[in-house]
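Structural description and commentary
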Amino acid sequence: MSGDFTPEQKRYLEGFASGLLAGRAARGAAPVDAGTDEPIGPDAAAFKAQDRVLKEGRKLADQERFKREEHPFDAYERLKAQADKNEAPKPADNFRWRYFGLFYAAPAQSSYMCRLRMPNGILKAWQLAGLADLAERHGGGYSHVTTRANLQIREIEPKNAVAMVEAIQDLGLCSRGSGADNIRNVTGTPTAGIDPRELIDTRACAREWHFHILNERALYGLPRKFNVAFDGAGTIPVLEDTNDIAFAAVDVADGNGVERLERLAHHGG
């Protein structure tokens with residue numbers, strides 16, 4: 001700031017600017033760079049896309065509006081407060097809590113369903129036993145298997161929702177980003193690593209992509225049900241061509257002008 005301002009004036013102006021930013025955020029406006037007026041932060045790409053729609057005089061879909069008003073990952077304390085009161089979520093929060101893997105299933109059930117995220121469907125025996133205990137303790141005592149080699153636990157009362165997602169993390173698993181505008185569970189060859197016919201063990205690919213999308217917030221703004229699959233050409237196919245992005249291992253015969261790829265190492269190199 002200019003040296004013409006006194007220290008007291010500088011503090012006032014800094015506080016005033018902070019207040020403007022806070023008010024802008026509270027009204028659902030995107031945080032912007034003061035010099036360029038361009039959206040900034042991990043959600044910048046999503047805000048730019050929303051801004052184009054708004055400048056054309058159109059309205060945002062409810063889901064986009066909910067995210068703009070308050071990103072789900074910025075509202076965890078309210079989810080905890082609702083659990084303390086055993087309170088069902090309103091529509092906006094029912095959308096937001098899906099970012100944590102929680103789906104309020106009314107009117108079919110007055111409870112949550114919790115969907116996990118298990119890349120390539122890999123689950124250790126002790127983790128499965130732990131999930132069974134959680135289903136009995138916090139849910140309906142059972143689990144469903146999904147088409148993407150995943151698990152869902154139902155009949156979770158609101159008061160048990162936070163306990164469920166945190167206990168899942170204690171097991172070395174997670175439910176984060178398993179619903180709403182998020183990339184779905186990463187699928188791979190069901191017999192990966194044990195099938196003598198496979199060309200590539202897909203577990204390393206699925207694991208690396210799993211952790212990338214978990215830790216890249218910009219990827220939480222894609223269209224809902226965005227799917228990615230890896231097929232290692234084993235005995236049991238993944239049906240990867242039904243996904244938005246599909247990787248399929250193929251054996252290219254010598255002399256076809258394509259360099260032969262070596263099998264991926266287990267560490268994903």
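A few points on the structure. (Residues numbered from 1 in each chain as written. Predicted model: local features only at pLDDT ≥ 70, side-chain atom pairs only at ≥ 80, totals over all residues. Heavy atoms only, no water.)

Considering unusual backbone geometry
What counts here: A helix here means a DSSP run of H or I that spans at least four residues, while a strand means a run of E at least two residues long, and both kinds are numbered starting from the N terminus. Remark: exposure states derive from per-residue accessible area (1.4 Å probe, protein chains only) relative to the maximum for the residue type, with buried under 20%, exposed over 50%, and partly exposed in between.
A cis amide bond links Ala-106 with the next residue in sequence, Pro-107, at an omega value of 5 degrees. As for its position among the elements, Pro-107 is in the loop between strand E1 (102-104) and strand E2 (112-115). Phi at Asn-86 is positive, roughly 55 degrees, even though this residue is not glycine. Tracing the backbone through its elements, the reader meets Asn-86 in the loop between helix H4 (76-84) and helix H5 (91-96). Taking relative accessible area as the criterion, Asn-86 reaches 34% and is therefore assigned partly exposed.

Regarding the packing of helix H6 (residues 125-138) against helix H7 (residues 161-170)
Just so we agree on the cut-off: The angle between two axes is taken between their N-to-C directions and runs from 0 to 180 degrees, where each axis is a line fitted to C-alpha atoms and a helix contributes only its stretch in contact. Just so you know how the angles are binned, under 35 degrees is roughly parallel, over 145 roughly antiparallel, 65 to 115 roughly perpendicular, and the rest oblique. The contact rule is simple, with two residues in contact once any of their heavy atoms fall within 4.5 Å. Put simply, Ala, Val, Leu, Ile, Met, Phe, Trp, Tyr, Cys and Pro go in the nonpolar bin, Asp, Glu, Lys and Arg in the charged bin, and everything else, Gly too, in the polar bin.
Here H6 crosses H7 at 170 degrees, and the two axes come no closer than 11 Å. On the basis of the axis angle, H6 is roughly antiparallel to H7. Listed contacts from H7 to Leu-131, Leu-134 and His-138 of H6 are Ala-163, Met-164, Ala-167 and Ile-168. A class-by-class count of the residues in the contact of H6 with H7 yields 6 nonpolar, 1 polar and no charged.

Here we look at the pattern of salt bridges
Once their charged atoms are close, side chains differing in charge can pair, the charge on each being opposite to the other. Operational definition: By convention in these notes, a salt bridge is any Lys or Arg side-chain nitrogen within 4 Å of a carboxyl oxygen on Asp or Glu.
A complete count under the given rule lists 15 salt bridges for this structure. The salt bridge involving Glu-64 is made with Lys-67; its shortest N-O contact spans 2.9 Å. Taken as a pair, Glu-64 and Lys-67 lie in helix H3 (residues 62-69) at a separation of 3 residues, close to a single helical turn. Residue Glu-69 is joined to Arg-96 by a salt bridge in which the shortest nitrogen-to-oxygen separation is 4.0 Å. Pair noted here: Glu-69 is in helix H3 and Arg-96 is in helix H5, with a separation of 27 residues, a long-range link.

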